[in-house]
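Chains, contacts and geometry: an overview
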Amino acid sequence: MITVDLLDDLLKRMQAAGLSGLEVQQGDTSIIMRLGSAVPAVASSKPVPVRSQSLGTFRASHPRRPNTAFKPGDHVLKGTALGYLEASGTLTAIVAPATGTLSEVLASDGDLIGFGSHVFTLEESA
Amino acid sequence: MNMHSVPAITDLPRFSLLGMTAIIFEAPGAFDLDHQRRIWAMADIAATWPNVREAVPGMTNLSVLFHRPLADPQDFGGKLVELWNRGVSKDVDGRNIDIPIIYGGEGGPHLQEVSEMTGLCVDDVVAIHSAPTYPVYAVGSHAGYCYLGGLDQRLFLPRRSVPLLSIPGGSLSIAGHQTGVSASAGPSGWHTIGSAKAAFFDPQRDPPSLLAPGDTIRFHPEKVLM
Amino acid sequence: MEILSSTPLATIQDLGRFDHYHDGVGRSGAMDGLALAIGNALLGNDTNAAAIEIPLLPFKLRFDEDLDIAITGADCEALFDDVPLPPDWALSVKAGQTLTLSAIREGCRAYICVVGGFDVPEVLGSRSTQLRETFGGHEGRMLKKGDRLKALGTSVGLPPGGLGATPFRQETGPVTARVLPAAEYDRFTAESQRSFWTTDWQVTPQSNRNGYRLSGPNLTMKDASELRSHGVVPGTIQVPMGGQPIIQLADAATMGGYPKFGTVIEPDHWRLAQAKPGTAIRFVEVDYPAALAAQAELDAYIADIRAAAGRQRRAASGWQS
C-alpha cells in the first residue's frame, strides 16, 4: 500500500542521501521517483477508453491552434480537451476523464464521430 | 496653415460618411451663431427620424448617429441638405451660468505665456477673456465639455506644439478661436489660463451635462494669480 | 469571484454607451465586439451582457460560486486550476476553482464572460467603464487585486467538457482593415492616397483604448486648413499635422478637428482590437455595399454560433436530466 506519507518519507530520504532517482518495489507495485525532472511518478497504469459525449466532425487540433494535436505518449491532465467535435459553428471537447498518458488516437481529422464513440485510449496514472 | 483665423468657409452644404453608422453634415458659410442656430434646429428635427439614434451638433456641422447601417446614405444625406435649405432656426432661451475662475497660478500655468504671445498684459488677457457672454455652440469631446463661441480675436492663438499629457478637470483653456473648461482630467494641446470648480458633468444627474447648446457662460474672475 | 491578480487596464465592458454623444459621452465598450459576441452567444446571454476586457496578462481570479463562464478574444495560456483551456471556450466552474490567463499566443485582448453578464450598475444605459470620466463598470475604474465581482446568472447547462466556437476566419499575414473614405479623403495628395492603401502600417506603442497611433509614410494634404470641430466615432482615421495617422477607438473623444482620411468599417474593429503594438495593418478600400456585406457576414457568423450553442446547451441539459 503506497501512501502519501510513504512518498514523503522516501522523498526526504532521497534528499538526505543526495539521490536523484529511486526505484522501490513492493509486491506487484513499483515506484520510480526522480528529483528535479518533470517525469511523473508512474505507480501503475490501466487503459481507459475515452468516448465522445457529443457528435460532430473530429478536429484533432483546435482550429485556432493548428498542429497542436495530442499524440500517443503525451501526458495529459484530467479535464484536458484531447480533441474537438465541430458542429455548425460550435465545438465540443473530448475530455480526458483522468490524468495519464495517451496511448491511442483512434480518429483522424475530419472523421464524423457519433455519441459514445471510442476516440482515445489513456493509460491512467494511479 | 493659418491657425489664427476662423476656419475656411465651405460654399455648399455637404455630407460625408463616418463609417456605416454615422453621417456628418457640414453647413456652408460663416462660423457664427446664426448658422449654429440652424444646426440646432436640424438636430432637433433629424433626431425624430427613423433609425436615428442621436443628432449631435458640432461647430456649424451635425453628426447623425444611426442604430443600424443605412440602406441608402446618399438618400439620407440629401434629406439633411434639404433640411438645411429649409432654413429653420432655433432660438434657444438658454440658461446663463456664471462660472467663477481663478486665472493664472497653478491651475492656469500658461497665462503668462499667453500674455507674451498676444502682447497683452495679464490683466488685459483676463479682462478680455472674461468680458463676453459665451454661447455654448456644442457639447462634446469629453463628457460635459462645452464648445463656446465668441472668443475675442485678440486671444486667438495656435495650439501648443507639445500637448500636455493631462490637465485637471476644471481647466480653462484657449486655442484657435475657441475657449472652454475641461470637465474631467485629460490630455490637452491648448493654453490653460485658469481653473474653475464647476461640475460640468455628473452621470447621476438628469440631464448629466450642466450645459446644453444654446446656454451661455460668463467667466467671473475670482482671483488673478501671477 | 475574487480577482487574485490583475495588471492595469482590465475593465468591465459591454457593447458600449450609446445615446449620450450629445452629452459628450463617448461609446466606450468592448474593443473586440466579436469576442464579446462569441462569449455571450456561447452562454446564451443578452448580446449586451458585460464582460471583463483584459489587455495585459497575467490575470487570475478565484470563483466563489458554481458558474458558467466563457473565455474569448486573444488566444492565451488559460489554466482552469491546472488544466489548460482551449480559446473561445465556455465551461462550468465550481466555487474555489481558479482561472489564470497568462502568455498570449495570438491577439492582445482576452475577455471573460459570465452567465447573465457581470453585475455592475447600469449608468447612462451601459455597464461599460468610462475611464476618463471615471464612472460605469466596477466603481468607474480599472480592476485590481482584491476586487470582488458577481455574475447576474449562474448556470445555463453546458455540455460536459465545455463548449467552443469555430473561429470567424483564419488569416495570416498583415491584419487587414476595410476602410470607407471619409470627408477629407479627396484633399490628400494622390501620392498620400496611394501610400495609405499600400503601406504596412505599424501599430506603435502609443496605442490604447482611446486610439492607435500608426507609423508609416507621412500623409499630406493638398490644402491644409483647419476644420471646425465635428463628430468623431470609433474607427475614424484622423491625420494630424505631423502626417502619421491615428485610428480613434472605443474610448475616443466624441468630437475632434483633425482631417479624416477614412473610417475602418465596424465589422473590422475586432481585428484592430487584437492588433498589438508592432503589428502591421493593411487598409483596404471598400465601397458602402461591400461594407454592408461585410457586416452581414459577421452578423450571420454570430447568429449561427448563437443558434448552434443553444442546441448544444439544450442537448446537454437533456442528457443531464
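Everything numeric here is computed off the predicted structure, so don't read it as measured data.

Conventions we followed
Residues numbered from 1 in each chain as written. Chains lettered and ligands numbered in written order. Predicted model: local features only at pLDDT ≥ 70, side-chain atom pairs only at ≥ 80, totals over all residues. Heavy atoms only, no water. Helix = DSSP H or I, 4+ residues; strand = E, 2+ residues; numbered from the N terminus. Expected span 1.5 Å × (residues − 1). Buried < 20%, exposed > 50% of the residue type's maximum accessible area, 1.4 Å probe, protein only. Contact = heavy atoms within 4.5 Å. Polar contact = N/O pair within 3.5 Å; in protein donor to acceptor, adjacent residues only side chain to side chain. Axes fitted to C-alpha atoms, helices over the stretch in contact; angles between N-to-C directions. Parallel < 35°, antiparallel > 145°, perpendicular 65-115°, else oblique. Nonpolar A, V, L, I, M, F, W, Y, C, P; charged D, E, K, R; others polar. Domains from an automatic or database assignment. Buried area = accessible area lost by both parts, 1.4 Å probe. Salt bridge = Lys/Arg side-chain N within 4 Å of Asp/Glu carboxyl O.

This brings us to helix α1 (residues 33-46) of chain B. Residues and elements named next belong to chain B. Across its 14 residues, α1 extends 20 Å between first and last C-alpha, which sits within 8% of the 20 Å expected from 1.5 Å per residue. The set of residues buried in α1 consists of His35, Gln36, Ile39, Trp40, Ala41, Met42, Ala43 and Ala46. Residues of α1 that are buried sit in contact with β2 (22-26), β3 (52-57), β4 (61-66), α2 (73-85) and β6 (134-139). Where α1 begins, one side-chain oxygen reaches toward the backbone nitrogen of Asp34, 3.3 Å away; that side chain belongs to Asp32.

Now for the packing of helix α3 (residues 111-118) of chain B against helix α4 (residues 122-130) of chain B. All names here are of chain B. In contact at an axis separation of 9 Å, α3 and α4 are set at 95° when each is read in the N-to-C sense. It follows that α3 is roughly perpendicular to α4 by the angle criterion. In contact with Leu111, Gln112, Val114, Ser115 and Thr118 of α3, α4 contributes Val122, Val125 and Val126. Considering only residue class, the contact of α3 with α4 consists of five nonpolar, three polar and no charged.

Residues and elements named next belong to chain C. If you check the domain split of chain C, you get domain 1 (2-169) and domain 2 (175-286). A C-alpha centroid distance of 28 Å is found between domain 1 and domain 2. Across the domain 1 to domain 2 interface the summed buried area is about 1600 Å²; carbon plus sulfur atoms make up 53%. Scanning the region where domain 1 abuts domain 2 turns up one salt bridge.

Contacts between the two partners involve 31 residues from chain C, matched on the other side by 22 residues from chain A. Counting across the interface, chain C meets chain A through three salt bridges. On the surface where chain C and chain A come into contact, there are 11 residue pairs in polar contact (both at pLDDT 80 or more). Elements supplying a minimum of two residues to the side of chain C that touches chain A: β5 (67-80), β6 (83-85), β8 (98-114), β9 (163-165) and α4 (288-320) of chain C.

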